[in-house]
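Residue-level listing of the chains:
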Amino acid sequence: MERSWWWKAALYGAAVTLAVLYLVPTFVTKEENLPAFFQKYFKKRIQLGLDLQGGLHLVYEVNIEKAVASKVDRLANDVDDALKKKGADTTVVRSGRDDVAVTFKVPSEMSKLDDELMKPFRRELDIVSRDAATGTVKMRFDPDRVAEIEDLSLRQAIETIRNRVDQFGVAEPTIIKKGTDIVVELPGAKAQDFERIKSIIGRTAQLEFKIVDDSSEYMKKVAAAVPKTGAITVAPESWTEKNSGAQHEDVYLRVKEKDREELTKFIAGLTADLAVPNDREIGLELMSSREVSEGTPDKYYRTYFLKKRAGVTGEYLADAQESWDEMGRPEVAFTMNRQGASMMEKLTGENVGRKMAVVLDERITSAPVIESKIGERGRITMGGYGDPFKLQQEVKDLVGVLRSGALPAPLKKSFETQVGATMGQDAIDKAKVSMGIGALAVILFMLIYYRFSGFIANLAMTLNMLFMMAILAAFEASLTLPGIAGLVLTIGMAVDSNIVIYERIREELRLGKSPRTAVDAGFQRAFWTVFDAHVTNFVAGIVLYSYGSGPIRGFAVTLLVGIVTNLITSVWISHWMFAVLVSRRGAVKTTLSI
Amino acid sequence: MADQQKFFEVIKSGTDIDFIGKQKYWIGASIILVLITVAMLPINAYVLGDRGHMLNWGVDFKGGSELVVEFAKPVDASDVRAAMTAAGLHNADVVRYGSQSETPSYMVRLGAVSVLSPEQAKKVEASLARIGDASLRKFESSEGGDKVYLRFDKAVEPTTLSAALKAAGTEAAQVQTFGPSQDNTYEVTLIGMEGEVRKALDAKLGAGVVKAIPQVSSVGAKAGKQLQVDGVRALLGAILLIVIYVAFRFDFRYGPGTIVALLHDAVITVGAFAVTYKEFSLTTLAALLTIIGFSMNDTIVVFDRIRENAAKYRDRKFDRVVNHAINETLSRTILTSATVFFVTLAMNIFGTGVIRDFAFAMNVGVIVGTYSSIFIASPILIWLNDKYLTMQKRQATKPERNVRKPVRRDEEEAVET
């Protein structure tokens, strides 16, 4: 045998060893039973999908009330904008879920709220009453629209959850609507893997930018009412505008991290004169103080007096990326789309010198001073000096969540349980038996029809399966029923490749060629046939993988892997095995067992 | 070698069957099958009352009901599934629910049971337009079709509503308020899945086997709109790329035949599901993808031989070249198809549930896939080749364009022989 044959023998032998190593964890059911060597280097295994193994069944409640309330908020803002455009000085406030009150500073301006102005809102807002004396118009959200929002929110939430779960590469989750709830089923059995996914599914990811109001005397009044003996302290702050040199100063309240509740209670208890105005709110940010006491930096909460209405929201986000600040701490950089950028420009242009709070899910992440107009770019700092690895992961998750878009309404996990395989163990067992019978039939057929060459074909197909499974294990791919369909197709193609090649060799033999030349010519001629058939399917597989989702993707993964391994095993490896058959040292064989 | 080696053969070498000469019969048969499919879809939907949909969409596509059943004694999932099948509730998903315990709980997902046809729904809606002094503002059927949501401008007594529904010819299993009371929305359950399932289980596993059915809810489709849109887009993209690849590797004349053949196979397989009214689920979709892949593989192998022979036998008529290539590859075509067919037949006979549906689709698909490479793809190739040649001939007759005289089939024949 030629020298190159030995080289190939070594190469194929190494590939087989590696494949076996990769497959061992998949077939050892208990992780504890795995030797330390595998624990260290070959831990990955083939996951079975929901239909074959079952997984975690989660039920989420969608907070429709909140979705409706934010829709009403948006409408109220639009009405306010329209009125301001006409020169009216108004405050628009939502109360309850559905009610909106528009109050005119000058009651006689009430006529500005006419049918013309209400035209775009006619379908959604009904005017309930007009009080000329106080200059107040009361409106209510049309109850018929509630169901519409409910439906829309559910659909949007399902879409968002699907995007988020997809980012984790969880293969073929089930995400379905169940009444007004959403059911999410994740394949797999290991509880610790789910924690991160769960935290990401449930995240609202509502990003808002709100202007800090330091021009009112309100916070000073509140500060005066702070009890002297409690945990809450009052701190002053001041800054100078860079360009104009104008002075800003205000006070804020602060508590240690552990005393958060005392502060929120105090704020909630503010009434009468001190009650938070309708169009304002008090937000909290978790800060790290510079002074380090007892080795760990102190964390505290501080207040911001904010305009309730968000100037810009995450709705207008174009993209988000991982990034690092000047100190090398991870943060999220984002880009606004065109509309968002112009809104941001307007908002920051009007408020130069003030602070703008970046609010993520009702928590302030930072509140920098606006030094000049800001356009499309911005960033979200993660705050605190945490474990850098954890921080990095948080940033990664936040980027993913922001990219997949905000949930239309907060989700609440209402139920969680393990579920079994959708296919049922009995059906799986029967499927195994029937596929075993099928495989046996193929093996026998090849042996009878092609005799010793059939044995080579069977060996090549076995190696094909081995490589295929090993690659799936190395990718930690999920195997589901559609995936098995892809497997069946590749096995069909493997059988076909062998038959195409062997029939070709027979044709060459019929022409009177010696076994050796017939084998070489057969492989050479059949190669392009097999190659074209494989590449066409591979091309189709790539498109199915990149555009399809769920089961279509599962099918494409096994198909793609199978096509590659099949081409290698049925063309190269079996040609190499034929070398044993046709060329023995010394004697040239005159017949071929094919 | 002097002594010709003997092989075990199903098709003797040198076989020459005239496939192409009889092509119009084969194409005719295909057209009839495709027409049956196209006709069967609306017939299922509108003519056959007990079918009611174009295809028997499974819970994956249409949604349905989800029940949690607690059992009083140990019961196997397969028994539950068998009980559902016995009661005519086919292809139920039965899944162990919650932790393993002595007395198991199972989650049962059933395909939708449509109780109201669109005409019936209209009739009911009209008759409910006014009840007392309350008027109907919204009438909506659930995705599963077993529930109706009614919204009035004023509160209505559920019992009054029940009576009104009865007067309209629809029996309601349950009427209850839905959502906040000021919404005046009522959920009307037309068919009590709970009762049906309990009855089915009692009949098969003995009375009292069901401890409780704590949860009954309607669920949406697993394969939502997005998934369907993605799927269609992926398929179209794949087809386009295949045409490009085939045009690049072979010739543009070879592309359309491949595509028409694979569409032909997909359509006829869907037709088989329309005629038998077997459930069309995500697994069926996977089978369709497999069939398309198989069909493509088969067509490419035949086309490859045609290409090779067309270069070798330039003196022969193209349709004879094609016929010869089909005969040369006939042995492999039959061997491969028979192998795949018997493997999937084994899955059909020995498997259950979804495996069986998958195997059934494959059985149909393998037959039409093999057939289409010979009788659909090849005639299209010949036809396109003829068109191409006449077009070249026409161009060649224009003197100013006559740069190089293209070889014509008949001329070539005359010269070489």
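Thresholds applied
- Residues numbered from 1 in each chain as written.
- Chains lettered and ligands numbered in written order.
- Predicted model: local features only at pLDDT ≥ 70, side-chain atom pairs only at ≥ 80, totals over all residues.
- Helix = DSSP H or I, 4+ residues; strand = E, 2+ residues; numbered from the N terminus.
- Contact = placed C-beta atoms within 7 Å.
- Buried ≥ 20, exposed ≤ 12 C-beta atoms within 10 Å, placed from the backbone.
- Core = buried A, V, L, I, M, F, W, Y, C linked by C-beta atoms within 7 Å.
- Nonpolar A, V, L, I, M, F, W, Y, C, P; charged D, E, K, R; others polar.
- Expected span 1.5 Å × (residues − 1).
- pLDDT = per-residue confidence, 0-100.
- Domains from an automatic or database assignment.
- Pairing = 2+ DSSP bridges.
- Axes fitted to C-alpha atoms, helices over the stretch in contact; angles between N-to-C directions.

### Regarding the overall build of chain A
Across its full length, chain A carries 15 helices and 21 strands. With respect to the principal axes defined by its C-alpha atoms, chain A has extents near 110 × 60 × 50 Å. Of the contacts formed within chain A by residues at least 6 apart in sequence, a portion of 69% connects residues at least 24 apart.

### Here we look at unusual backbone geometry
Residues and elements named next belong to chain A. With a phi close to 50°, aspartate 361 is a non-glycine residue in the positive phi region. Mapping aspartate 361 onto the fold places it in the loop between β17 (356-360) and β18 (363-366). In this structure aspartate 361 comes out as partly exposed when scored by C-beta crowding, with 15 C-beta atoms within 10 Å. Here the phi dihedral of arginine 451 falls at roughly 50°; this positive angle occurs in a residue that is not glycine. Structurally, the position occupied by arginine 451 is in helix α12 (residues 425-474). Take arginine 451: there are 15 C-beta atoms within 10 Å of it, and that puts it in the partly exposed class.

### Concerning the nonpolar core
Grouped together as the largest cluster of nonpolar side chains are 213 residues, with contacts concentrated most on Ile182, Leu402 and Ala485 of chain A. Ranked by the residues each element gives to this core, the list is headed by α12 of chain A, at 18 residues. Filtering out sequence-adjacent residues up to four positions away, isoleucine 182 of chain A remains in contact with Tyr60, Val62, Leu154, Ala157, Ile158, Ile161, Ile175 and Lys177 of chain A. The next biggest cluster of nonpolar side chains, apart from the first, holds 22 residues, and it includes Val419 of chain A together with Ala83, Ala92 and Leu201 of chain B.

### Some words on the interface of chain B and chain A
Counting residues at the interface gives 72 residues for chain B and 71 residues for chain A. For the side of chain B that touches chain A, the secondary structure elements donating two or more residues are α3 (77-86), β3 (93-96), β6 (134-141), β10 (210-219), α7 (225-249), α9 (282-312), α10 (318-350) and α11 (353-397) of chain B. Considering each element in turn, the side of chain B that touches chain A owes the most residues, 14 residues, to α9 of chain B. When the residues that make up the side of chain B that touches chain A are grouped by side-chain class, the tally is 36 nonpolar, 23 polar and 13 charged.

### Quick notes on helix α13 (residues 481-510) of chain A
An α-helix turns once per 3.6 residues; consequently, residues spaced three or four apart project the same way. All names here are of chain A. For α13, spanning 30 residues, the distance from its first C-alpha to its last is 43 Å, which sits close to the expected 44 Å at 1.5 Å a residue. Across the 30 residues of α13, 28 count as buried, placing the element largely inside the fold. Two residues or fewer past α13, glycine 512 is found with a positive phi of approximately 90°.

### A short note on the confidence of the model for chain B
All names here are of chain B. Taken as a whole, chain B shows an average pLDDT of 81; of its residues, 88% reach a score of 70 or greater. Summarising per-element confidence for chain B, the mean pLDDT is lowest in helix α12 (residues 409-416) (43) and highest in helix α8 (residues 255-276) (92). Complex prediction metrics read pTM 0.76 and ipTM 0.78.

### Focus: the domain arrangement of chain A
Residues and elements named next belong to chain A. Taken as a whole, chain A is organised into domain 1 (3-54 + 422-582), domain 2 (56-202) and domain 3 (207-385). Taking only C-alpha atoms, the centre of domain 1 and the centre of domain 2 are 52 Å apart. Facing the eleven residues of domain 1 at the interface are seven residues of domain 2. Secondary structure elements with two or more residues in the side of domain 1 that touches domain 2: β1 (47-48), α3 (50-53) and α15 (551-582). For the side of domain 1 that touches domain 2, the residue count by class is four nonpolar, seven polar and no charged.

### Side note on the sheet that holds strand β6 (residues 136-141) of chain A
Residues and elements named next belong to chain A. Spatially, the four strands line up as an open sheet ordered β3-β4-β6-β5, and their pairing is antiparallel. Either end of the sheet is taken by a strand with one partner, and the two such strands are β3 (90-95) and β5 (125-131). When the angles between neighbouring strand axes are averaged without regard to direction, this sheet yields 20°. Inspection of the sheet shows β3 paired to strand β4 (residues 99-104) by six bridges, in the antiparallel sense. Residue arginine 94 lies in a different strand from β4, and its bridge partner there is valine 100. The sheet contacts of helix α4 (residues 64-85) involve β3, β4, β5 and β6, and relative to β3 the element is tilted by about 170°.

### Observations concerning the pairing of β4 of chain A
Residues and elements named next belong to chain A. On β4, burial follows the alternation: Val100, Val102 and Phe104 on one face are buried, whereas Asp99, Ala101 and Thr103 on the facing-out side are not. Hairpin geometry of β3 and β4 is characterised by an intervening segment of three residues between the two adjacent antiparallel strands and by a positive phi of about 65° at glycine 96. Across five bridges, the pairing between β4 and β6 is antiparallel. Pairing of threonine 103 across the sheet is with threonine 136, part of β6.

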